Every structure is written in structure tokens, then in C-alpha cells.
Amino acid sequence: LIATTSNDHTCIIWNPHTSEKITTFAGHTDWVTGVAWHPTGDLIATTSNDRTCIIWNPRNAEPITTLADRTSRVNTVTWHPSGDLIATTSEDDTCTIWDPNTTERVATLTGHTDWVTGVAWHPTSDLIATTSKDGCIIWNPRTGKPITAFTGHTGWVTGVVWQPTGNLIATTSNDHTCIIWNPH
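Only a predicted model underlies this, so the values are computations on that prediction, with no experimental measurement involved. (Residues numbered from 1 in each chain as written. Predicted model: local features only at pLDDT ≥ 70, side-chain atom pairs only at ≥ 80, totals over all residues. Heavy atoms only, no water.)

A. Quick look at the sheet that holds strand 15 (residues 145-150). Sheet architecture is open: 4 strands sit in the order 12-13-14-15, paired in antiparallel fashion. Either end of the sheet is taken by a strand with one partner, and the two such strands are strand 12 (116-121) and strand 15. Sheet twist, expressed as the average angle between the axes of neighbouring strands with direction ignored, equals 25 degrees. In this structure, strand 12 lies alongside strand 13 (residues 128-132), joined through 5 bridges in antiparallel fashion. When the sheet's bridge partners are listed, Ala120 is paired in strand 13 with Ala129. (Pairing = 2+ DSSP bridges. Helix = DSSP H or I, 4+ residues; strand = E, 2+ residues; numbered from the N terminus. Axes fitted to C-alpha atoms, helices over the stretch in contact; angles between N-to-C directions.)

Here it is as C-alpha cells:
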């Protein structure tokens, strides 16, 4: 299944083989900007310009909980590989780590100088990477402190992904490049 987001305030689940619309999630009041499946596939999270992250039951498209303690638009979302934490990025230059079961903030990562545009958890550790206009930062989310930063793009850094083993990291940019980094 594939999940897409839209400026019509919805997220839609599609069957990629038949192009059939399976489920529509309607509950945000502004553009839906990000979507992420829980590692087990039992939940889905969406972010929106309405300043919220909603966690949904994908079987019936019912909202389970809303993470709404944000002061600006929420751009992206990702689940920790364990499924026990969720990270959202925002136009207030931060990344927030949440406990989705209690809806409590676990940490707020501050250090970027502009909107945080991308986020990715390390596949086998608790490290997390975020991107913004100023580059990519790898964080220890337990301490909230940056471990290292990568700069080299000439435009906004728009996305980040870890290699499945966690040995490398890739960033994309509106400068039309993708850079592979060694975080060690």
C-alpha cells in the first residue's frame, strides 16, 4: 500500500497494483505535509500545516490521538524503528520527539537556523538526523545535543535517509544534488 498527502487536507491509502483508493484520512484543517507508517503497519501518522500530527488507525481511518503542542506548521514525521517514539519537524526550526502513547514531548532538538525539512531515525541506534537550509545535523535525542553536522549543499537540504545498516547517510537538496555522507 502507498500513502499520499494532499493540499485538500487528506491522506489517502492506495493499492499500487490497481490504483484503487483504499482509505481516506480526513481530520486535518490544512494541507497534509507528511505521512509515516508505524514499523508494524498498525498505525499511520500524518502532519499538517494546521500545526498537528495525527496518529490514525489505518483499518478504519479513525484518529487515535493528536500531537498538537506546536507553534508553527508541522512539516514531516517519522517513527523510531521500535515504534515507541515519533519525531516531527516544524517551521519553528525544531524537531520534536514525542511519546505517542502519552502524547508527551520527550525532547525538542534546537540548533537549525531555519525550517526543519527532513528527519530520519538511525536504523539500529537512537541517533536521529534532521535537515534544513543550513545542512544536516545528527543528534543524540536523549541529551538533545548535536553530535555532528554536514554542510556542502548550496541550496535548502530537503530530505535525509540512512543506509539500512546505518553506515552512511544521504541528503537531498534543491540544488539538484544528493550527497552521501559518512557519519563516523
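B. Structural detail: the side chain of Thr78. Its location among the elements puts Thr78 in strand 8 (residues 74-79). Exposure remark for Thr78: the relative accessible area of 15% places this residue in the buried category. When neighbours within four sequence positions are excluded, Thr78 is seen to be in contact with Ala36, Leu85, Ile86, Ala87, Val119, Ala120 and Trp121. (Buried < 20%, exposed > 50% of the residue type's maximum accessible area, 1.4 Å probe, protein only. Contact = heavy atoms within 4.5 Å.)

C. Inspection of the pattern of salt bridges at higher detail. Within the structure shown, the criterion is met by 3 salt bridges. Here Asp42 makes a salt bridge to Arg59, at a shortest N to O gap of 3.1 Å. Of this pair, Asp42 sits in the loop between strand 4 (32-37) and strand 5 (44-48) while Arg59 is found in the loop between strand 6 (53-57) and strand 7 (62-67), placing the two residues 17 residues apart along the sequence. Of the charged contacts in the structure, one is a salt bridge between Asp126 and Arg142, with a shortest N-O distance of 2.7 Å. Separated by 16 residues along the polypeptide, Asp126 in the loop between strand 12 and strand 13 and Arg142 in the loop between strand 14 (135-140) and strand 15 bring together distant segments of the chain. (Salt bridge = Lys/Arg side-chain N within 4 Å of Asp/Glu carboxyl O.)

D. Spotlight on the sheet that holds strand 4. In spatial order, the strands read 4-5-6-7; together these 4 strands make up an open sheet with antiparallel pairing. Unpaired on one side and paired on the other, strand 4 and strand 7 mark the two borders of the sheet. Going from strand to strand, the sheet's axes swing by 25 degrees on average, the running direction of each strand aside. Taken together, the 5 bridges between strand 4 and strand 5 define a ladder with antiparallel strand orientation. Residue pairing in the sheet places Val32 in a bridge with Ser48 of strand 5.

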